[in-house]
Amino acid sequence: MEQPPPFMESKKDRAEVQEREFAKLAPLAREIPNIDSAIAEIARFSAELTLPRGTIHVISDIHGEDKKLRHVINNASGTLRPLVERLLTDKMPPQQFQEFLTLVFYPAEVVGRLEQTLTSEQEIKDYATRTLHDLFHVVRVLAARRSLKHAIRVFPAEYRELLAEILHEPSTERDRSYVDAIVDALTRRGRVLHLIHLTGRVIRNLAIDELIIGGDAWDRGPRGDRVMDYLMQQPNVSFVWGNHDMEWLGACLGHRALICQVLRISLRYRRLSQLEEGYGIPVQPLEVLARTVYADDPAEYYETKGTGLREKSMMARMQKAAAIMQFKLEGQMIARHPEWKLEHRRLLHQINYEAGTIEVDGVSYPLLDTNFPTIDPANPYKLMADETRCLERIRQSFMASQKLWDHVRWMVSHGEMYLRRQEHLIFHGCVPVDHNGEFLPMMVNGKAYSGRALFDAIEAYVYRLFDGPINEEPDLLWYLWSGPESPLFGKDRITTLERDLIKDPKTHVETKNPYFRLIHEVCFCDKVLSEFGVPTEHGLIVNGHVPVEVEKGESPLKKSGKAITIDGAFSEAYGDHGFTLVLEPHRTFLAKHHHFESVEAAINKGADIIPSITVVREWDPPRRVADSKRGRYLVQAIKLLEELIEAYRNNHLQQAGARS
């Protein structure tokens, strides 16, 4: 068959390329129907590029501490108080100022109290008139940092236009009577306090442009479910996954070993309310197992922390029952995956049941507890019938919990393995390396990956879990939770069994990956930053996972000056400090938080967390939107709009409503 001449081939190719380009522009043309509207949008985007870069707050390792998290978000990591003080402290007496600040932090609770204490319509009107003027003074200052369109996105939809009107109230043509008329109309219809509540929430949402969670939303603290509830209410959240998040993801998907891990740690810290009340997952089957099989077992080495309604002895037996099932299931899983090279971590068959000893790494140790009514020495990793029935009932409850599924789907859809925000590289744990700083490989779906490629491969694997039915237990999630080469774990082992059953502390040691030593060196940090495409000159590695031992004088900022750890033991059960790394246009600083008494104390006594501040980076000149992720998006959007204008001018796309 005769081939067409080259010039005809190229003409056909060009036509196909043009058609693809116009097809790409067609959806945009429905929103931007003509040249004038495209030019106006370009002008708006160009102006936004000159605004100060949005403020980003990074919080890591929340570990179920819902009340403290809520306060840290509400006070914008301590940045709202000084702003409100600067604007209003000279305009009202101290008591009134404190009440106003409490309203800003807890608008729903304060409004609820006002509905009980303000008894007449006139009292409500007087309070609302005064308070709305002050609230919107703060709103205007915060909104000025953004484009108008970007700012009003955080306004509640039903009141968006009304709040936008109040936003522009101060002018030569408008006086206070404009807002007074709004207050009067809303007071007569019983909705003015509701507007105050919404406006308080707007302030919080304007104070933080983006909230980044550095991993580990669950475990140890009281209510991981409420942590997720509150995060899902925030307008712009990004999530960097941690190993505890993979644990809960696996439990939601029905992974038996991870379900036992969730049960065990929930029992250890007496956090059953998040399971039973929060997620509707009853632990009664485990209680039945403990009562029947472990009925006379003192389980003294499984004593739980904290207090609660269930007897301590029952809680200890339940924890032991969950732990033994976990050890069995982990042994089965390690046998399924010889590529993990974790045979030395299968320990139940290393128990000498007659001598009451266990061998770990070739050394024999006496056992603290020798009562194992569910272990068959001839087949120690097999679940007995009672264990199987118990676990399957609880597994069905995990997989059927709609709220848990909602939380996990949200976490995955908003989550990534790492984030880049200007000069900052943010991930949870580490980049696994050997002692020379060379990236270590990890197997994902039968293929070895290392460095940035490993993070990308894990991310793709997690996303695929929600694409279709899962035909086998997602064992890789367990490895991400506690595997030696997992970038979310970064230790050679997790010594749960040894801590439960062996007194000798030498067996409790979990050796950190060399990454945690090497981040004190500039050249290694530059290597990691370059691997992930972050400029090295001012680059900063940000990770959580390993708590900073504040009491021992450890600094979050490493000796290299190019890496910082922001796991400050946020949970009360884990240290009760906590950090927020705040990325402002003119600086990056670390806010160190202390103990938070309670929401009630914050409302009734004005209790607050006023953090200590450590400046990590200063930017001169201050960073603009043009220097941010949104700036890169706007630049690309402008290019696309210019292509659209060209298509309109050449009549490749028909304008709508064009000026004649």
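In the block above lies the structure referred to throughout.
These lines cover the structure that appears in this document, whether it is placed above or below.

Turning to the nonpolar core, a few remarks are in order. Among the nonpolar cores identified, the biggest contains 172 residues, and Leu231, Leu249, Leu286, Phe398, Trp478 and Tyr515 are the most heavily contacted of them. Take this core: its biggest share by element is 13 residues, from helix H17 (residues 312-336). Ignoring sequence-local partners within four residues, the contact set of tyrosine 515 consists of Phe427, Gly429, Cys430, Val431, Val433, Phe524, Ile541 and Asn543. Ile35, Leu51, Leu641 and Ile645 belong to the second largest nonpolar core, which has 20 residues in total.

Position of lysine 320 relative to the elements: it lies in helix H17. Polar contacts involving the side chain of lysine 320 include one to the side chain of aspartate 369, which spans 2.7 Å. Here lysine 320 is in contact with Tyr294, Asp297, Ala299, Tyr302, Asp369 and Asn371, once residues within four sequence places are set aside.

So, about the packing of aromatic side chains. One pass over the full model with this rule turns up 16 aromatic pairs. A centroid spacing of 5.8 Å and a plane angle of 45 degrees characterise the contact between tryptophan 248 and tyrosine 279, whose relative ring orientation is tilted. Of this pair, tryptophan 248 sits in helix H13 (residues 243-252) while tyrosine 279 sits in the loop between helix H15 (272-278) and helix H16 (284-293), placing them 31 residues apart in sequence. Grouping residues by exposure puts tryptophan 248 and tyrosine 279 together as buried. On the numbers, 5.1 Å between centres and 40 degrees between planes, the contact of tryptophan 340 with tyrosine 479 is tilted. One end of the pair, tryptophan 340, is in the loop between H17 and strand E4 (351-352); the other, tyrosine 479, is in helix H21 (residues 475-482), with 139 residues separating them in the sequence.

A few words on the packing of helix H5 (residues 94-105) against helix H6 (residues 107-117). Taken N-terminus to C-terminus, the directions of H5 and H6 make an angle of 120 degrees; their axes are 5 Å apart at the nearest point. Here H5 is positioned oblique relative to H6, judged by the angle of their axes. Two secondary-structure elements touch here, H5 through Thr102, Leu103, Val104 and Phe105 and H6 through Pro107, Val110 and Val111. Per-class residue counts for the contact of H5 with H6 are six nonpolar, one polar and no charged.

Moving on, we come to the sheet that holds strand E8 (residues 418-421). Read from one edge to the other, the open sheet built from four strands follows the order E8-E9-E12-E13, with strand pairing classed as mixed. Since the sheet does not close on itself, it has two edges, and those belong to E8 and strand E13 (563-565), each with one partner. Looking at each pair of strands side by side, their axes are set apart by 20 degrees on average, direction ignored. In the sheet, strand E9 (residues 424-427) pairs with strand E12 (residues 540-543) via four bridges, with the strands oriented parallel. Bridge pairing links isoleucine 426 to valine 542 in E12. Of the strands in this sheet, E8 and E9 touch helix H20 (residues 451-464), which is tilted by about 120 degrees from E8.

This part takes up helix H4 (residues 80-88). Leu80, Arg81, Leu83, Val84, Leu87 and Leu88 are the residues of H4 that are buried. Buried residues of H4, viewed axially, fall in a sector of 165 degrees; they line one side. In this fold, the buried residues of H4 make contact with helix H3 (66-74), H5, helix H7 (121-143) and helix H11 (192-207).

Here the focus is the layout of surface pockets. Of the volumes computed, that of the largest pocket is approximately 1,200 Å³. Around the largest pocket, the lining comprises 46 residues; the ones closest to its centre are Arg220, Lys491, Arg499, Glu510 and Tyr574. Only H13, helix H14 (256-268) and helix H22 (496-501) provide two or more residues apiece to the lining of the largest pocket. For the lining of the largest pocket, the leading source of residues is H14, giving four residues. Here the residues of the lining of the largest pocket are counted per class, giving 14 nonpolar, 14 polar and 18 charged.

This part takes up the pattern of salt bridges. According to the stated counting rule, one finds 38 salt bridges in the structure shown. Here glutamate 387 ties to lysine 328 by a salt bridge, and the two come within 2.7 Å at their closest N and O atoms. Of the two residues, glutamate 387 is situated in helix H18 (residues 385-400) and lysine 328 in helix H17; the sequence distance between them amounts to 59 residues. Relative accessible area serves as the criterion here: at 0%, glutamate 387 is assigned to the buried category. Several salt bridges converge on common partners, so that one network encompasses Arg256, Glu392, Arg395 and Glu473.

Taken together, seven strands build an open sheet; the order of strands is E7-E3-E2-E1-E14-E15-E16 and the sheet is mixed. Every interior strand has two partners, whereas the edge strands, strand E7 (415-416) and strand E16 (612-618), have only one. Judged from the six bridges that link them, strand E15 (residues 587-592) and E16 form a sheet pairing that is antiparallel. Across the sheet, lysine 592 pairs through a bridge with serine 612, a residue of E16.

Assignment of secondary structure puts glutamine 234 in the loop between helix H12 (224-233) and strand E3 (237-240). Separated by 2.8 Å, the side chain of glutamine 234 and the backbone oxygen of tyrosine 230 make a polar contact.

This part takes up the environment of valine 509. Turning to its location among the elements, valine 509 is positioned in the loop between H22 and helix H23 (515-518). Apart from the residues lying within four places of it in its own chain, the contact partners of valine 509 are Arg493 and Thr495.

This brings us to the environment of arginine 499. Here arginine 499 lies in helix H22. On the basis of relative accessibility, which here comes to 46%, the residue arginine 499 falls in the partly exposed class. Placed 10 residues apart in sequence, arginine 499 and valine 509 show a C-alpha to C-alpha distance of 9.5 Å. Setting aside anything within four residues of it in sequence, one finds arginine 499 in contact with His508 and Glu510.

What counts and how
Residues numbered from 1 in each chain as written. Predicted model: local features only at pLDDT ≥ 70, side-chain atom pairs only at ≥ 80, totals over all residues. Heavy atoms only, no water. Core = buried A, V, L, I, M, F, W, Y, C linked by side-chain atoms within 4.5 Å. Buried < 20%, exposed > 50% of the residue type's maximum accessible area, 1.4 Å probe, protein only. Helix = DSSP H or I, 4+ residues; strand = E, 2+ residues; numbered from the N terminus. Contact = heavy atoms within 4.5 Å. Polar contact = N/O pair within 3.5 Å; in protein donor to acceptor, adjacent residues only side chain to side chain. Phe/Tyr/Trp six-rings, centres within 6.5 Å; stacked < 30°, edge-to-face > 60°. Axes fitted to C-alpha atoms, helices over the stretch in contact; angles between N-to-C directions. Parallel < 35°, antiparallel > 145°, perpendicular 65-115°, else oblique. Nonpolar A, V, L, I, M, F, W, Y, C, P; charged D, E, K, R; others polar. Pairing = 2+ DSSP bridges. Arc of directions from axis to C-beta. 1 Å grid on protein atoms, 1.4 Å probe; cavity = no way out; pocket = protein on both sides within 12 Å on 5 of 7 lines; lining within 4 Å. Points joined across faces, edges and corners; volume = space filled by probe spheres on them. Salt bridge = Lys/Arg side-chain N within 4 Å of Asp/Glu carboxyl O.

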